[in-house]
Amino acid sequence: MLFLPVSLVSPDSGARTPVTLVVKPSTSPTSALFPHDCEVRVLAGHDLDEGEDIANASAITTFPSAMVLGVRHLPASVPATAFPRTTSRLEPIAAHFPDLQPCTPSPSQQQQELGDAHDRAAESVRIAVFLLRHVEPRPVIDHRQSRLESWVFECKSADDAAGAIDQLATAFKLPTTRRLLLVINPFSGRKRGGRVAKSVVIPALRIAGTHLIDVVETTGPAHATELAQTTDIGRYEGAMLVGGDGIVHEYLNGFLARVDWTPALSRQVPIAHVAAGSGNGLAASFNAMCPARTVLSSLRGWTAPMDMMAMQMESTDPAVPAPPRKFLHLSFTWAYMADVNLEAEPLRWMGPIRFDVMAAVRLLASRAYGGRIAYLPALEDDGDEDADPVAVDDSGIAPSAVSAGSSSLPNDGNGPRTKWVHRPLAEILAPESNWKSLPAARYFYLTAHNVPHQTSKFNAAPHAHPHDGAFDVCLLDSDCNPAKLVPFLLDQTRGAHVGGPGVRYEKCRGLVIIPLHPDARPELWESHGPHHDAAPAGEDENGGETKPPVLATMSPETHRKWRATMPHGSMVADGEEATYAPVKIEAMPGLVSIFVPSDWNPTAFAQHAPARKWLAPLHRMKGHAGGAAGAEADANRPVAMAAADVAFGGTAIPVAAEESR
């Protein structure tokens, strides 16, 4: 316990009031993830003793040390009245402190500059504790902005002031100097990125203290990718990304493509998403929607591991190479959600509401996309002797993924090595593999989520956990009426839609999507369609290709529905359009580290969402054996489908037996 007898300076009149600054261990830590928190109390009077005096003393204010942004000397030339007790405007406060110091000067030059600044400030007997106040406990998703509080104290001498700063910094576990890279997308969110950086991020960094910050503004697409791939990233202790999910995607793909990438580098240089875009799904998933609090998390060093998803598109033309591998931090969407995302782009002038508008339009005019799906459940052994099934505890955390991070994913010369996505589809889906295969069907909605939120308002996968070694797949086939989801989508922050009629949900480590259409190349149907034993497609008498064999098995009504299937569709990866082609996705456990708020609760979204028992797993496909026989079959084969019928519009179409993969 720390006792500091000082004088509290009034921000209005400058009057001095004797107080004692008491720092003691907190009896209610803000989070189990960061339990080493202290409680700070400003008590009226001096000469207080531990025990009854503290209990009976009048508390002027109380706050947890986790709210403290910085403790600093105040320049003697600046009056105490220049620091209002509370304000939402950080720029006027930051104007009294030096500009940010870059990391670029030599270490000796930096130390000299910092030493000179310290010597000048040490002449003052006044110190200030700056904190970002927010109401506790915070809601699951908190859109409120913290207010800056300034508490100015006067000590008896300059030496006492210097000693008080050292003691408080030690008690609060404040870092002395952090070296950070600040990357700003000034055009994100209708130019909100530039405004947030100027009015919040940079002022907060100046107020916090003597940290070394390199500031870079992106000039166009892929600039953040190039920066992360080529800069001397090892000299930083973190990267703060100001903008939307786009700049996070660009930066991480450059970072993970480095030839010198290692798991240790991911732990050394965590990222922070400063929410300043239209979607801000990553920031919302960590309840970090306040830019100032994100700065606080970055400076205090509160981090957690985060999984990524490796995505590899499959070329449908042997003469055309496949697109390069991508890493996704947010989501992969196909059909409805992808249509909404892409078709909302021309409406950027509307801001975030454009997603709501297009979501309503696509519900009223729904589309169906044909495809085959295969997946590897999170709890299923993948057949790799070096890999164990992901074990998730009651909190939803996979201990192995958290502790080991990405230690099992060495660099293959082009970033982290993958297990499956670099392999051909035929190898992944071989009969001897443990992947589960679903028959061809027409789908309305499919998403794969690494984190819960798609946007700051849409909790798309409430049971998703950022580091459980898996991603969450949610799908709805076209047999279900999308209009029935409307009541569930009205409360988007809760994620109630996953409990809606016909929705299937599964935690997966791997996913394959093969888009299909009656006019698709027949060999796609032969290789990946429902008839693995179908005769090869031939040519008709006019030299044209015959229709895929599957069409011959369909009733006229089903054939009509398949003809209505969209010939081309939308696929979106982390908010960016992807090539419409077969795609392979793989969970990459603990691939990066991210700065998080001290009170972040990894299971908060799941606790407020429909219970998992409401969610139908992927194997509960409509049309397979029903009644008592079906129930017995489900009990005997909880995931795989040994033989199935696929129903389109109530018409059961028998297909060849599917292997249990």
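Computed from a prediction, not measured in an experiment: that's the story for all the values here.

Scoring rules and cut-offs
Residues numbered from 1 in each chain as written. Predicted model: local features only at pLDDT ≥ 70, side-chain atom pairs only at ≥ 80, totals over all residues. Heavy atoms only, no water. Patch = residues over 30% accessible without salt bridge, like charges linked within 9 Å, V, L, I, M, F, W, Y side chains within 5 Å. Areas by Shrake-Rupley, 256 points an atom, 1.4 Å probe, with all protein chains shown as cover. Salt bridge = Lys/Arg side-chain N within 4 Å of Asp/Glu carboxyl O. Helix = DSSP H or I, 4+ residues; strand = E, 2+ residues; numbered from the N terminus. Buried < 20%, exposed > 50% of the residue type's maximum accessible area, 1.4 Å probe, protein only. Pairing = 2+ DSSP bridges. Axes fitted to C-alpha atoms, helices over the stretch in contact; angles between N-to-C directions. Parallel < 35°, antiparallel > 145°, perpendicular 65-115°, else oblique. Left-handed = near helix turned anticlockwise from the far one by under 90°. Contact = heavy atoms within 4.5 Å. Expected span 1.5 Å × (residues − 1). Bend = angle between axes of the 7 residues up to and from the residue.

### A closer look at a nonpolar patch on the surface
No. 1: The grouping of Ile353, Val357 and Val361 at the surface amounts to a nonpolar patch, some 200 Å² of accessible area in total.
No. 2: Along the chain, Ile353 falls in helix α12 (residues 353–364).
No. 3: Residue Ile353 is classed as partly exposed on the basis of its relative accessible area, which comes to 44%.

### A look at helix α10 (residues 291–300)
No. 1: A large share of α10 lies buried, amounting to ten of its ten residues.
No. 2: Those residues of α10 that sit buried are Pro291, Ala292, Arg293, Thr294, Val295, Leu296, Ser297, Ser298, Leu299 and Arg300.

### What about the pattern of salt bridges?
No. 1: Going through the model one piece at a time under the given rule, you end up with 18 salt bridges.
No. 2: Notably, a salt bridge pairs Lys24 with Glu39, separated by 3.8 Å at the nearest N-O pair. Of this pair, Lys24 sits in strand β2 (residues 16–25) while Glu39 sits in strand β3 (residues 38–44), and the two are 15 residues apart along the sequence.
No. 3: The exposure class of Glu39 is partly exposed, given its relative accessible area of 24%.
No. 4: When salt bridges with common partners are traced through the structure, they connect Arg138, Asp142, Arg144, Arg293 and Asp599 into a single cluster.

### Considerations on the pairing of strand β1 (residues 2–9)
No. 1: Most of β1 sits inside the fold, with six of its eight residues counted as buried.
No. 2: Where β1 lies against β2, eight bridges are found, and the strand directions are antiparallel. In the sheet register, Phe3 faces β2, and the bridge partner there is Val22.
No. 3: Relative to strand β8 (residues 147–154), β1 runs antiparallel, the two being bridged by two bridges. Across the sheet, Leu8 pairs through a bridge with Phe153, a residue of β8.

### A short note on the packing of helix α6 (residues 223–230) against helix α7 (residues 245–255)
No. 1: Put simply, α6 and α7 touch, their axes get as near as 7 Å, and they point 30 degrees apart. As summarised for this structure, α6 and α7 are arranged roughly parallel, according to the angle between their axes. For the element pair α6 and α7, the recorded crossing hand is right-handed. Along its contact with α6, which presents His223, Ala224, Thr225, Ala228 and Gln229, the element α7 presents Ile247, Glu250, Tyr251, Asn253, Gly254 and Phe255.

### Thoughts on the packing of helix α11 (residues 336–343) against α12
No. 1: Taken N-terminus to C-terminus, the directions of α11 and α12 make an angle of 130 degrees; their axes are 9 Å apart at the nearest point. Accordingly, the angle class assigned to the pair α11 and α12 is oblique. Here α11 and α12 pass one another in a crossing that is right-handed. Contact residues: α11 offers Tyr336, Asp339, Val340, Asn341 and Glu343, while α12 offers Phe355, Met358, Ala359, Arg362 and Leu363.

### So, helix α5 (residues 188–208)
No. 1: Compared with the 30 Å implied by 1.5 Å per residue over 21 residues, the 26 Å span of α5 between its first and last C-alpha is markedly short.
No. 2: For α5, the principal kink sits at Ala197 and spans about 45 degrees.
No. 3: At the C-terminal side of α5, Gly209 shows a positive phi close to 140 degrees.

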